[in-house]
Amino acid sequence: MLSSATDRELSCDVLVAGGGMAGVSCALAAARNGANVILCQDRPVLGGNASSEVRMHILGAEAHGRRGAPLAVEAREGGILEEIRLETCVSNPQRSASMLDLVLYDLCRREPRLTLLLNTTVTGVEKSGRLVTHALARRESTEDHFRIAARVFVDCTGDGRLALEAGASFRRGRESRHEYGESLAGAHADSYGQGSSLLFQARRHDRPMAFTPPAWARKFTEEDLRLRPHATGPSDLGEYGFCGLEFGYWWIEWGGHLDVIKDNATIRDELLAIVLGVWDHIKNGGDHGAENWALEWFGFLPGKRESRRFVGQHTLTQDEIVTSAAFPDAIAYGGWSIDDHPPKGIDAPDEHPGILHVTPHLYSIPLRCCVSRDVDNLMFAGRNISASHLAFAAIRLMGTCSVVGQGVGTAAACAVHRGLLPSQLCGDADALRRIQQQLLRDDAYLICVVNESPRDRARQASLCASSWQADGPAANVVTGQTRSVHGERGAPPERARPGTHRWMSDPLRPLPAWLELRWERPVRPAEVQLVFDTGMHRMLTLTHQDSLQAKMIWGRPQPETVRDYTLEGERNGVWTALCEVRGNYQRRRVHVLDDAKPVDALRVVVHATNGIDHARIVEVRVYEKAGGSELR
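Let me begin by describing the structure that accompanies this report. Note that the coordinates shown come from a computational prediction; the quantities given were computed from them, not determined experimentally.

### A look at the packing of helix α1 (residues 21-32) against helix α10 (residues 398-418)
Relative to each other, α1 and α10 sit at 30°, their axes nearing to 7 Å. Relative to α10, the element α1 lies roughly parallel. The element α1 and its partner α10 pack so that their crossing is right-handed. On α10, the residues that touch Met21, Ala22, Ser25, Cys26, Ala29 and Ala30 of α1 are Met398, Cys401, Ser402, Gly405, Gln406, Val408, Gly409, Thr410 and Ala413. For the contact of α1 with α10, the per-class residue count stands at 9 nonpolar, 6 polar and no charged.

Okay, structure coming up:
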């Protein structure tokens, strides 16, 4: 019998499998850095656990808002994730789960070098020796089979389907204490990991709302849930443990003692029984303050925490997280604590649902954890990178996965441009330097790595301003670092580089205020990049949990951010407007100046902010070639 499927041949520079937050950031980074990219996502929407199908908020280095202090510790991730958060904040004041789907979809649709294939699952590969030559994928909704040639393959699927098909080595479960000398590990290794969760959302009505559970729902008592907060008040787990009825409970977790891939259908069915059983207990098992509450939504797609971890050129361990080890090939950072959960989840009623082992500082994640040990053109990003179970418990958060994705996508583009295999990148000091410098140019943060771009003419300029504060002089915009991390629980003190790292005008002198760069010889500013303050000491993420929402400024631009500004150029004493911007709310703005003429000086004139009483600019870069890259 003939198949109705259509076979399609495609090619690209970088194939990214998996469209969660790691995959989206990876694909966008590679495409923006000049690689032709195909992104295969097996679901109808992007975002993975952050999507409308699961609805978990994106957390990371800010540690639930605990790792942050104004002008001292700005832990929130930058780069592509910050762009996504700021766009979602302004365009989605209603906190709709589907609007984040749209933001991610729109970013991918607008990227000219990125081809997005939704509902498309990578099912196999073709290899030649230690190289993958093609990925095989299927889109059943259109009866299409794809054979995709690429130079670099990146697995961001979480479960590692592409890497598995490529024959890459992987690990599952928990290592013994002696394997990596990890003090928090058990005496013996096992196959257990963290389980999966289903969230729910409920809404309060103006009258009592009844609930009758299906016959197959689980039954729970107050004793069963004594360590799992489930009423409308606070718990002994504090803010980490409390989620209101409007959001659901991350601790509705189960299945870490099973095979979370092969047993996923069983886990989903049991989680549905648990969700409805917990809701039955809340509604019908005593006074939980829920009489007028009714279920609005609950997931059918389990949000997975852990499955396969692929073996890379390096395996990240507990001590490297806790001591914030310095890596010459760092491409990202994290800040979440080592957050381990009992594998049986809710069926371990005598164990706390999550134990946080606090990490004292921000810590680095090396590229070597993201490059396969076995397959020379295979990389990973997301919750499948090379780490021990305990290190993974810290880096599995979506905010961290996203910045790892941007780092891997940038490295993949570097490999393409320089004719290298991913396996060769970490042994090439020049390639590593270029990757790190491009990440900084794209507003990523790397601990103690600063802008050293020889192309950036702002570094040769003399700077002055209309006014400034004592800790915010004009020269701060060229320190090479774009955030403050010197405070408690910031970067390790010996690598923190203290300072505000931004120009701040004097609030006693009303706006407009200006910042000026002047050169000894004229420059031709083809591209000017500005980075503004966006309050990165605060949390900012789409959440349906009201207690977290209260920590944020949501539904409008961040008040520190410059709103209206003019870029001016001066030649022979005459100032001319080069571009004007009104209504800005993004952190990073790149201005390509067509037919740029030589200037002796540039000014950024700030007319208004989105709230505060003075101007703040974190960084200015000036390039004489538009669209350039540190990778080439």
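### Looking at the sheet that holds strand β23 (residues 503-504)
The 4 strands lie next to each other as β23-β30-β25-β28, forming an open sheet whose pairing is antiparallel. What marks the edges here is a single partner per strand, and that holds for β23 and β28 (588-592). By the bridge criterion, 5 bridges tie strand β25 (residues 527-532) to β28 in an arrangement that is antiparallel. Each bridged residue has a counterpart across the sheet, and for Val528 the counterpart in β28 is His591. Docked against the sheet, helix α12 (residues 429-441) engages β25, β28 and β30 (616-623), running at close to 125° with respect to β30.

### Observations regarding the pattern of salt bridges
Under the criterion given, the structure shown has 52 salt bridges. Note that Glu253 and Arg305 form a salt bridge whose closest N and O atoms lie 3.4 Å from each other. Taken together, the residues span a long stretch of sequence, with Glu253 in strand β14 (residues 253-254) and Arg305 in the loop between β15 (293-298) and β16 (309-310) at a distance of 52 residues. On the accessibility criterion, Arg305 (10% relative accessible area) is buried. When the shortest N-O distance is used, the salt bridge between Arg433 and Asp430 registers 3.0 Å. With Arg433 and Asp430 both in helix α12, this residue pair falls 3 residues apart, about one helical turn. Classification of Arg433 by relative accessible area gives partly exposed; the value is 34%. The network of salt bridges with shared partners includes Glu74, Arg502, Asp533 and Arg616.

### Considering the side chain of Glu77
Among the secondary structure elements, Glu77 is positioned in the loop between β5 (73-74) and α2 (79-91). Overall, Glu77 belongs to the buried group, its relative accessible area being 0%. A polar side-chain atom of Glu77 sits 3.0 Å from a polar atom in the side chain of Arg85. Setting aside anything within four residues of it in sequence, one finds Glu77 in contact with Gly60, Ala61, Glu62, Glu82, Arg85, Tyr333, Gly399, Thr400, Val403, Arg483 and Met536.

### So, helix α3 (residues 97-110)
If you check α3, its first and last C-alpha atoms are 21 Å apart, about what 14 residues at 1.5 Å a residue would give, namely 20 Å. The inward-facing, buried residues of α3 contact α1, β3 (37-40), α2 and β6 (114-117). Taking the backbone nitrogen of Ser98 as reference, a side-chain oxygen 3.3 Å away marks Ser96 as the first, capping residue of α3.

### Structural notes on the packing of aromatic side chains
A complete count under the given rule lists 8 aromatic pairs for this structure. Their ring planes at 90° and their centres at 5.4 Å tell us that Phe200 and Tyr249 sit as a pair that is edge-to-face. Of this pair, Phe200 sits in strand β13 (residues 200-204) while Tyr249 sits in the loop between α6 (238-241) and β14, and the two are 49 residues apart along the sequence. Relative to Tyr445, the ring of Tyr333 has its centre 5.2 Å away and its plane inclined at 80°; by these criteria the two rings are edge-to-face. Placement of the pair is Tyr333 in strand β17 (residues 330-334) and Tyr445 in the loop between α12 and β22 (462-465), with a sequence separation of 112 residues.

### Overview of the pairing of β30
Of all 8 residues in β30, 8 are buried; the element is thus mostly enclosed. In this structure, β23 lies alongside β30, joined through 2 bridges in antiparallel fashion. By the bridge assignment for β30, Trp503 is matched with Ile617. As paired strands, β25 and β30 are joined by 6 bridges and run antiparallel to one another. Counted as the bridge partner of Gln529 is Arg621 from β30.

### Digging into the packing of α1 against α3
Two elements in contact, α1 and α3, have axes whose closest approach is 10 Å; the angle formed by their N-to-C orientations is 25°. Looking at the two axes, α1 sits roughly parallel to α3. Along this stretch, α1 crosses α3, giving a crossing that reads as left-handed. In contact with Met21, Val24, Leu28 and Arg32 of α1, α3 contributes Leu104, Leu107 and Cys108.

Rules used throughout
- Along each chain, residues carry numbers from 1 onward, in the same order as the chain's sequence is written.
- In keeping with the predicted nature of the model, local features appear solely for residues at pLDDT of at least 70, side-chain atom pairs appear and are counted solely at 80 or more, and the whole-chain, interface and lining totals rest on all residues.
- Side-chain measures were taken over the full set of non-hydrogen atoms in the model, leaving aside hydrogen atoms and water.
- Note on geometry: axes are C-alpha line fits, over the in-contact stretch for helices, and angles between N-to-C directions span 0 to 180 degrees.
- By definition, any uninterrupted DSSP run of H or I lasting at least four residues is a helix, any uninterrupted run of E lasting at least two residues is a strand, and each is numbered from the N terminus.
- By the definition adopted for this analysis, an angle is roughly parallel if under 35 degrees, roughly antiparallel if over 145, roughly perpendicular if from 65 to 115, and oblique otherwise.
- Two helices that cross are described as forming a left-handed crossing if the nearer one is turned anticlockwise from the farther one by less than a right angle, and a right-handed crossing if clockwise.
- Contact definition: two residues touch when any of their heavy atoms are within 4.5 Å.
- Residue type decides the class: Asp, Glu, Lys and Arg count as charged, Ala, Val, Leu, Ile, Met, Phe, Trp, Tyr, Cys and Pro as nonpolar, and the leftover types, Gly among them, as polar.
- Pairing between strands is defined by DSSP: at least two bridges between them are needed.
- In the sections that follow, a salt bridge refers to a side-chain nitrogen of Lys or Arg positioned within 4 Å of a carboxyl oxygen of Asp or Glu.
- Residue exposure (1.4 Å probe, protein chains only): buried if accessible area is under 20% of the type maximum, exposed if over 50%, otherwise partly exposed.
- Throughout this description, a polar contact denotes any pair of N or O atoms lying within 3.5 Å of each other; where both atoms belong to protein, one of them has to be capable of donating a hydrogen while the other can accept it, and for residues adjacent in sequence the pair is counted only when both atoms sit in side chains.
- For a helix, the expected span equals 1.5 Å multiplied by the number of residues minus one.
- The criterion for an aromatic pair is that two Phe, Tyr or Trp rings (for Trp, the six-membered ring) have centres within 6.5 Å, with stacked assigned to planes under 30 degrees apart, edge-to-face to planes over 60 apart and tilted to the rest.

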